[in-house]
Amino acid sequence: MIRVININKSFDDQKVLDNVSVTFEPGKTNLIIGRSGSGKTVLLKSIVGLHDIDSGEIWFEDVLFNKLDFKDKKEIRKQMGMLFQGSALFDSLTVEQNVMFPLNMFTVKSTEEKIERVNFCLNRVDILNVNELFPSELSGGMKKRVAIARAIALNPKYLFCDEPNSGLDPITAILIDELIKELTEEYSMTTIVNTHDMNSVMEIGEKIVFINEGIICWEGSKNEILHSDCEILNDFVFANALAKQLRSSENK
Amino acid sequence: MILRFLSQLGRYFMLLKKVFSKPEKSSVYYKQTMHELVYLGLNSIGIVAVVSFFMGAVITLQTAYNTENPIYPTYLIGLGTRDSILLEFSSTIVALILAGKVGSNIASEIGTMRVTEQIDVLEIMGVNSASYLILPKMIATLVFNPFLTLISISVGIVGGWLAGTFSGVITSEDFIYGIQYAFIPYYIVYAMIKTVFFAFIITSVSAFHGYYVNGGSLEVGQASTKAVVHSSVLILLFNVILTQLLLS
Ligand SMILES: Nc1ncnc2c1ncn2[C@@H]1O[C@H](COP(=O)(O)OP(=O)(O)OP(=O)(O)O)[C@@H](O)[C@H]1O
Ligand SMILES: [Mg+2]
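Bear in mind the structure is a predicted one, so any value in this text is a computation, not a measurement.

A. Representation of the site of ligand 1 within the structure. Residue and element names in this part refer to chain A. Close to ligand 1 lie 14 residues, the nearest being Ser36, Gly37, Lys40, Thr41 and Glu163. Here an oxygen atom of ligand 1 and a side-chain polar atom of lysine 40 are 2.8 Å apart. Threonine 41 has a polar side-chain atom sitting 2.5 Å from an oxygen atom of ligand 1. Where the shell around ligand 1 is concerned, the elements lending two or more residues are strand E2 (14-24) and helix H1 (40-48). A per-element tally of the shell around ligand 1 places H1 first, with 3 residues. Here the residues of the shell around ligand 1 sort into 3 nonpolar, 8 polar and 3 charged.

Below you can see the structure in the form of structure tokens.
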């Protein structure tokens, strides 16, 4: 479980997170949704400690994460996996070396064991026979999968995904979403996913947090989202023409 | 302006502190250092050799044409070539060339990793990204650049000898006599000390500019230009300081 209590974050004069409090539960896919520029990435990076917050508390189970020093943070970070908006694979390493990187860094396994683990993770995300290719030789969807494989290589307790399906076609996007959801349940991870894609919201959202201009406006499940009173959320949810039609026909 | 300079300087030393903290896993660092030795060191031999060869040749010819005088013994051309190469060219000029090649390379590599969030990936895994990315490069250049300087000295002198003898400004015997005449071994030590200093400047300044890139590929380009300009200026500045300290 991850608890965020009253965090604030500004860049120069611009306030990006305004008193954000939210709880993310284990074994669930938690979604943070919001428009572009609403502060989703900043929130996620603040939670994992890539941004220093101005005030507030971030708890991982019963550890106050944002007050730890680098060494103690490291212990918790070993339990984190993160998928970045642009995949962020290491350009100079092959697919296999990318997934093996955390294993090399933090385990004392033999080479055979490491290769076995790498292949297991790559299999799990349906990436086959590309071990020797470099990231520049992969498609966007494959990069995302490899990045997921790397994120789960050390069996993390926490998985963070920043827009896992941006830039992918709708079918691949759904496959990636489902993969994240399955992995979350399989390993009872606490997963937080940033997205502005309503498809993924309806597909995998168990707990949904809507953020607008740095303020959390609404929390709930995907069943509740269609019937909220929150004006800004409704604009967001029904921005899509099809959804609008659906609602107006429902209202008739 | 001064405030900005001071805050940059502060960040530079903070980064150095991060770089020189205890490595996570020495085997990974060792492998990385070997890779950088090849990538930043061995791959620079070619350009250093070419530059040094022509430098040596030009120095010999210049010295010859500027000292055309019957009472001036020609072996002094060899001596002049040797000392110019040892004292200035093989350390300072080669450092400037390497600032262009290695410096821009380091800044753009690390800068690209910053803007594509690869550095964030390292951080999130719990890896000290500054140390992991910069320390191996630092060790590789500090260890290997003295060899590059030695190569440069040797190739430079050969270049001078060839240019001198082929153009007929000096005989082979005179040149060889000249380069051995009144030889001060300390000059080699001096060149090595300068080289190590310059290697540190090139690597740390370039890594600094790369590590703190903010933005996209445009900024990476700017960072790598800044890396070259700043390390070149610092090399010239420290050249004056070190010369004063070491030779006075
Ligand atoms: N490093 C930074 N320095 C200054 N401002 C920043 C920085 N990172 C983000 N911001 C600002 O914070 C605000 C929120 O940005 P953020 O990246 O969190 O948006 P987002 O919700 O992730 O958008 P998107 O869906 O497009 O990824 C933006 O106005 C942005 O300009
Ligand atoms: Mg974002």
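B. How the structure looks around empty space enclosed by the protein. Applying the stated criterion across every chain, the model contains 2 cavities of 30 Å³ or more. For the largest cavity, the calculated volume is near 130 Å³. Taken together, 15 residues form the lining of the largest cavity, with A:Met80, A:Gly81, A:Arg150, A:Ala151 and B:Met125 sitting closest to its centre. Where the lining of the largest cavity is concerned, the elements lending two or more residues are strand E6 (80-83) and helix H5 (140-152) of chain A together with helix H5 (118-125) of chain B.

C. Summary view of the sheet that holds strand E1 (residues 2-11) of chain A. Residues and elements named next belong to chain A. Here we have 4 strands laid out as an open sheet, ordered E2-E1-E4-E5, and antiparallel in their pairing. The two strands at the open ends of the sheet, each matched to only one other strand, are E2 and strand E5 (63-64). Pairing of strand E4 (residues 55-60) with E5, which is carried by 2 bridges, proceeds in the antiparallel orientation. Following the sheet pairing, phenylalanine 60 is matched in E5 by valine 63. Together, E1, E2 and E4 form the strand contacts of H1, whose direction differs from that of E1 by roughly 120°.

D. Structural context of the layout of surface pockets. By volume, the largest pocket is sized at about 1,700 Å³. Of all the secondary structure elements, the ones that give two or more residues to the lining of the largest pocket are E1 and helix H2 (70-77) of chain A together with helix H1 (2-19), helix H4 (75-115), H5, helix H8 (186-211) and helix H9 (217-247) of chain B. Each residue belonging to the lining of the largest pocket can be placed in one class, and the counts come to 12 nonpolar, 10 polar and 20 charged.

E. How the structure looks around the sheet that holds strand E9 (residues 207-212) of chain A. Residue and element names in this part refer to chain A. The sheet built from 6 strands is open, its strands ordered E6-E7-E8-E3-E9-E10 with mixed pairing. With partners counted over all chains shown, the strands left at the sheet margins are E6 and strand E10 (215-220), one partner each. For this sheet, the mean angle separating the axes of adjacent strands, direction not counted, is 15°. As judged from the 4 bridges shared by E6 and strand E7 (residues 158-162), these two strands associate in the parallel manner. The partner of methionine 82 across the bridge, within E7, is phenylalanine 160.

F. Looking closely at the pattern of salt bridges. Residue and element names in this part refer to chain B. Under the counting rule described, the total for this entry stands at 16 salt bridges over all chains. Between glutamate 123 and lysine 18 there is a salt bridge, with the nearest N and O atoms lying 3.5 Å from each other. A residue pair is termed long-range when its members are at least 10 positions apart, and glutamate 123 in helix H5 and lysine 18 in helix H1 qualify at 105 residues. Among the residues examined, glutamate 123 registers a relative accessible area of 11% and is labelled buried. Lysine 18 sits in the partly exposed class, given a relative accessible area of 29%.

Reading the values: the criteria
Residues numbered from 1 in each chain as written. Chains lettered and ligands numbered in written order. Predicted model: local features only at pLDDT ≥ 70, side-chain atom pairs only at ≥ 80, totals over all residues. Heavy atoms only, no water. Near = heavy atom within 4 Å. Polar contact = N/O pair within 3.5 Å; in protein donor to acceptor, adjacent residues only side chain to side chain. Helix = DSSP H or I, 4+ residues; strand = E, 2+ residues; numbered from the N terminus. Nonpolar A, V, L, I, M, F, W, Y, C, P; charged D, E, K, R; others polar. 1 Å grid on protein atoms, 1.4 Å probe; cavity = no way out; pocket = protein on both sides within 12 Å on 5 of 7 lines; lining within 4 Å. Points joined across faces, edges and corners; volume = space filled by probe spheres on them. Pairing = 2+ DSSP bridges. Contact = heavy atoms within 4.5 Å. Axes fitted to C-alpha atoms, helices over the stretch in contact; angles between N-to-C directions. Salt bridge = Lys/Arg side-chain N within 4 Å of Asp/Glu carboxyl O. Buried < 20%, exposed > 50% of the residue type's maximum accessible area, 1.4 Å probe, protein only.

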